[in-house]
Each structure stands twice: as C-alpha cells, then as structure tokens.
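Each chain, letter by letter, is given below.
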Amino acid sequence: MSSRSSDLTSSLDQADVGVSDAGRSIVAPITGAAFWAAVALPFLHLPLLLATGLSAEPYTDAFVALLALNVVALLVGHPHYRD
C-alpha cells in the first residue's frame with residue numbers, strides 16, 4: 001500500500017504544479033491521520049480484552065474489526081513523516 005502512495009506522489013510530482021500541490025494537500029492529512037490512528041488504536045485493544053475477555057461473539061468480532069482497522073491504519077499511515 002505504501003508503494004501505491006509513493007507511486008501516487010511521484011506521478012503527482014510529474015504533473016502540473018497546481019495538481020501536485022492539490023495532491024499533496026490531500027494525501028498528507030490522510031497519511032497523518034492514519035499514522036496517529038495507528039498509534040492510538042492499540043490503547044483500545046487492552047481495555048476490550050481486560051473488560052470482556054472476548055467471552056462472547058460480539059466482543060470477538062469487535063476485537064477482530066479493531067485489529068483489522070489498526071492494520072489498515074498502519075499501512076496507510078506508514079509514509080507519514082514528522083517534520
């Protein structure tokens with residue numbers, strides 16, 4: 001997924017300056033939000049595990065969905081750099 005982001009960024013660099021600036025202004029906040037979501041989401045895993053123990057199916061489904069969301073956030077937020 002990060003190669004897609006870098007491909008998008010490189011193709012925007014080759015395009016017109018206005019399009020390049022617009023592309024960066026769209027991609028940068030998305031990768032930044034995904035990066036910080038990937039940092040924050042693990043703090044929801046532990047309370048879910050401690051409070052429920054994943055004893056019932058809805059809790060297990062919520063945990064798996066939360067884990068999948070964390071993986072997606074990691075992949076999308078990977079190219080984010082703190083300047």
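Scroll up to find the structure this text is about.
The shown structure was predicted, so the numbers you read here are calculated from the model rather than taken from an experiment. (Residues numbered from 1 in each chain as written. Predicted model: local features only at pLDDT ≥ 70, side-chain atom pairs only at ≥ 80, totals over all residues. Heavy atoms only, no water.)

1. Topic: the environment of Ala37
Rules: Secondary structure is summarised from DSSP: a helix means a run of H or I of at least four residues, a strand means a run of E of at least two, and numbering begins at the N terminus for each.
Counting through the fold element by element, Ala37 comes out in helix α2 (residues 17-40). Considering only alpha carbons, one finds Ala37 and Val72, 35 residues apart in sequence, at a separation of 9.8 Å.

2. Some thoughts on the packing of aromatic side chains
Note the following rule: Under the pairing criterion, centres of Phe, Tyr and Trp rings, with the six-membered ring standing for Trp, must be within 6.5 Å; the plane angle then separates stacked pairs below 30 degrees from edge-to-face pairs above 60, leaving the rest tilted. The classification of residues rests on relative accessible area computed with a 1.4 Å probe and restricted to protein chains. Under 20% of the type maximum is buried, over 50% is exposed, and intermediate values are partly exposed.
Under the definition given, this model contains 1 aromatic pair. When the centroid spacing of 5.0 Å and the interplanar angle of 85° are considered together, the rings of Phe35 and Trp36 count as edge-to-face. Taking the relative accessible area as the measure of exposure, Phe35 reaches 29% and is therefore partly exposed. You can call Trp36 exposed: its relative accessible area is 51%.

3. Overview of helix α3 (residues 42-52)
Here is the rule: An arc is given here, and it is the one of the directions from the helix axis to the C-beta atoms. Two residues qualify as a contact provided that any one of their heavy atoms is within 4.5 Å of a heavy atom in the partner residue.
Taken as a whole, α3 has its buried residues at His45, Leu48 and Thr52. The buried residues of α3 occupy an angular sector of 75° when the element is viewed end-on, so they sit on one face. Exposed side of α3, more than 90 degrees from the buried face: Phe43, Leu46, Leu50 and Ala51 are the residues found there. Taken together, the buried residues of α3 touch α4 (57-77). Downstream of α3 by one or two residues, Gly53 has phi in the positive range, about 65°.

4. A look at the packing of α3 against α4
The packing of two helices is summarised by the inter-axis angle and the distance between the axes. For clarity, the threshold we go by: Comment: axis = line fitted to C-alpha atoms, over the contacting stretch for helices; angle = value between 0 and 180 degrees taken between N-to-C directions. Any angle that is under 35 degrees is reported as roughly parallel, and any over 145 degrees as roughly antiparallel; angles of 65 to 115 degrees are reported as roughly perpendicular and all others as oblique. Note on convention: the crossing is left-handed when the near helix lies turned anticlockwise from the far helix by less than a right angle, right-handed when the turn is clockwise. Under this grouping Gly is polar, as are all residues other than the nonpolar Ala, Val, Leu, Ile, Met, Phe, Trp, Tyr, Cys and Pro and the charged Asp, Glu, Lys and Arg.
For the pair α3 and α4, interaxial distance at closest approach is 10 Å and the crossing angle is 165°. On the basis of the axis angle, α3 is roughly antiparallel to α4. Crossing hand, α3 versus α4: left-handed. In this structure, α3 uses Pro42, Leu44, His45, Leu48, Leu49 and Thr52 to contact α4, whose residues at the interface are Tyr59, Ala62, Phe63, Leu66, Leu67 and Asn70. Taken together, the residues that form the contact of α3 with α4 break down as 9 nonpolar, 3 polar and no charged.

Interpretation in functional terms is not warranted from these geometric data alone.
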